[in-house]
Amino acid sequence: MKKLLLLSALTFVLSSQAQHSFYKGAIVADVRTGIEVYNTTFKYTTTNGTTSKDTVDTDKAADTHFGFGAEYGLHKYFGVGFAVNKHKFLNDKDSVTGMKADTRSTDGNIVLNFHAVSTKHLDLVLGTDFGISNFHFGTNDKVNTILTGKGTYASFYVNPRIYFGPVGINFRIFTPMFSYKNVTTNNADFNKNNTIHQFKGSAAWGLSFGIQYRFMKESGGTSTGASH
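Residues numbered from 1 in each chain as written. Predicted model: local features only at pLDDT ≥ 70, side-chain atom pairs only at ≥ 80, totals over all residues. Heavy atoms only, no water.

Thoughts on the pattern of salt bridges
With the rule as written, the count across this model stands at five salt bridges. For R32, the salt bridge is made with D30, and the minimal N-O distance between the two is 2.7 Å. When its relative accessible area of 13% is taken as the criterion, D30 is described as buried. The partner of R104 in a salt bridge is D102, with the nearest N and O atoms 2.2 Å apart. The class of R104 is partly exposed, set by a relative accessible area of 36%. What you see here is one network of salt bridges that share partners, running through E71, D123 and R161. (Salt bridge = Lys/Arg side-chain N within 4 Å of Asp/Glu carboxyl O. Buried < 20%, exposed > 50% of the residue type's maximum accessible area, 1.4 Å probe, protein only.)

Describing the packing of aromatic side chains
This structure, assessed with the given rule, holds 14 aromatic pairs. Relative to F199, the ring of F178 has its centre 5.3 Å away and its plane inclined at 55 degrees; by these criteria the two rings are tilted. In this pair, F178 sits in strand β7 (residues 167–185) while F199 sits in strand β8 (residues 194–215), placing the two residues 21 residues apart along the sequence. Taken together, a centroid distance of 4.8 Å and an interplanar angle of 65 degrees make the contact between Y213 and F215 edge-to-face. Ring-pair connections join several aromatic residues into one group, and the members of that group are Y38, F42, Y44, F89, F135, F178, Y180 and F199. In this arrangement the basic side chain of R214 is found over the ring face of Y163, its NZ or CZ atom lying 4.7 Å from the centre. (Phe/Tyr/Trp six-rings, centres within 6.5 Å; stacked < 30°, edge-to-face > 60°. Helix = DSSP H or I, 4+ residues; strand = E, 2+ residues; numbered from the N terminus. Lys NZ or Arg CZ within 6 Å of the ring centre and 35° of its normal.)

A few points about the sheet that holds strand β5 (residues 122–138)
Spatially, eight strands are ordered β1-β2-β3-β4-β5-β6-β7-β8 in a closed barrel, and the strand pairing comes out antiparallel. With strand direction ignored, the average angle separating the axes of adjacent strands in the sheet is 20 degrees. Judged from the 16 bridges that link them, strand β4 (residues 102–118) and β5 form a sheet pairing that is antiparallel. Paired with S105 across the bridge in β5 is F135. (Pairing = 2+ DSSP bridges. Axes fitted to C-alpha atoms, helices over the stretch in contact; angles between N-to-C directions.)

Topic: the confidence of the model for the protein
Taken over all residues, the pLDDT of the protein has a mean of 88, while the share at 70 or more is 86%. Overall, residues 222–228 carries pLDDT values under 50, and its contacts beyond four positions in sequence, including any with other chains, amount to 28 contacts. (pLDDT = per-residue confidence, 0-100. Contact = heavy atoms within 4.5 Å.)

Quick look at empty space enclosed by the protein
Counted under the stated rule, the structure contains three cavities of 30 Å³ or more. Taken together, 14 residues make up the lining of the largest cavity; nearest its centre are D30, F82, V111, R161 and R172. For the lining of the largest cavity, the per-class residue count stands at six nonpolar, two polar and six charged. Taken as a whole, the second largest cavity encloses approximately 60 Å³ of empty space. Forming the walls of the second largest cavity are R32, E36, H65, N85, H87, D129, Y153, S155, R172, F174 and S208. (1 Å grid on protein atoms, 1.4 Å probe; cavity = no way out; pocket = protein on both sides within 12 Å on 5 of 7 lines; lining within 4 Å. Points joined across faces, edges and corners; volume = space filled by probe spheres on them. Nonpolar A, V, L, I, M, F, W, Y, C, P; charged D, E, K, R; others polar.)

Structure, rendered in C-alpha cells:
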C-alpha cells in the first residue's frame, strides 16, 4: 500500500512538472495556407416587367487561402485570439471572353481553442473561429460587372501542432462556411432586373499547413519558451 501511494505521489509530481507546449500566459502566432471546397447556393430574383422569377442555383466552389493569427492562453486548456484569412477562388476561363472571373474574399475572426492534449512537443487543438467577411466577384465581362457583399464566416477544426522548442509546424482539418446576404453590383442595368438575396457556402471541408511560434515561458520556468 505504501509503495502504491508513493508511486501515485511520484506520478503526480512528475505530471505537475511536465513540460507543456501550451499554458496560461502563452502567446502563439501562426501563419498558414491551404485549400477549401464548398457546396454553394446562390439565391436571386429576376424581374421582367410585372413578372418575377425566384431562382436557386447550387454548385461547388474551391479556393486557396492564406491566413495569420495569434492566440493567448487564458488557461492551460483554453485560449482566445484572432485570425485573418484571405481567400482566392479557383475559376475556369469564360468560354466567350476567355477570361477568368476574379473571385476573392477576406474575413476577420475571433478564435476560441480547447487544448485537449499538451505535451512538450505536441499540442492537439480543437477550435472554432467566426467573424465578418467581405466578398468580391469581378466577372470580367464587357462592362466589368463587379459583385460585392458582406457577411459572415465560421469554421470548426482539429489542429495538431508539433513543436521543436518554441517553433513548430501545424496541420488543420476543418469545416468552413460563409454567407453573404448583402450582395450588390456596380451594373445599374443588371440591378434593375435582378435582386441577389444570398450567396453561401456550406457542407464544406478544408486542409491547411502552417508554422507557429510561441512567445513567453510558462510560469515557474518548467516548460519550453521563447528563450529556448
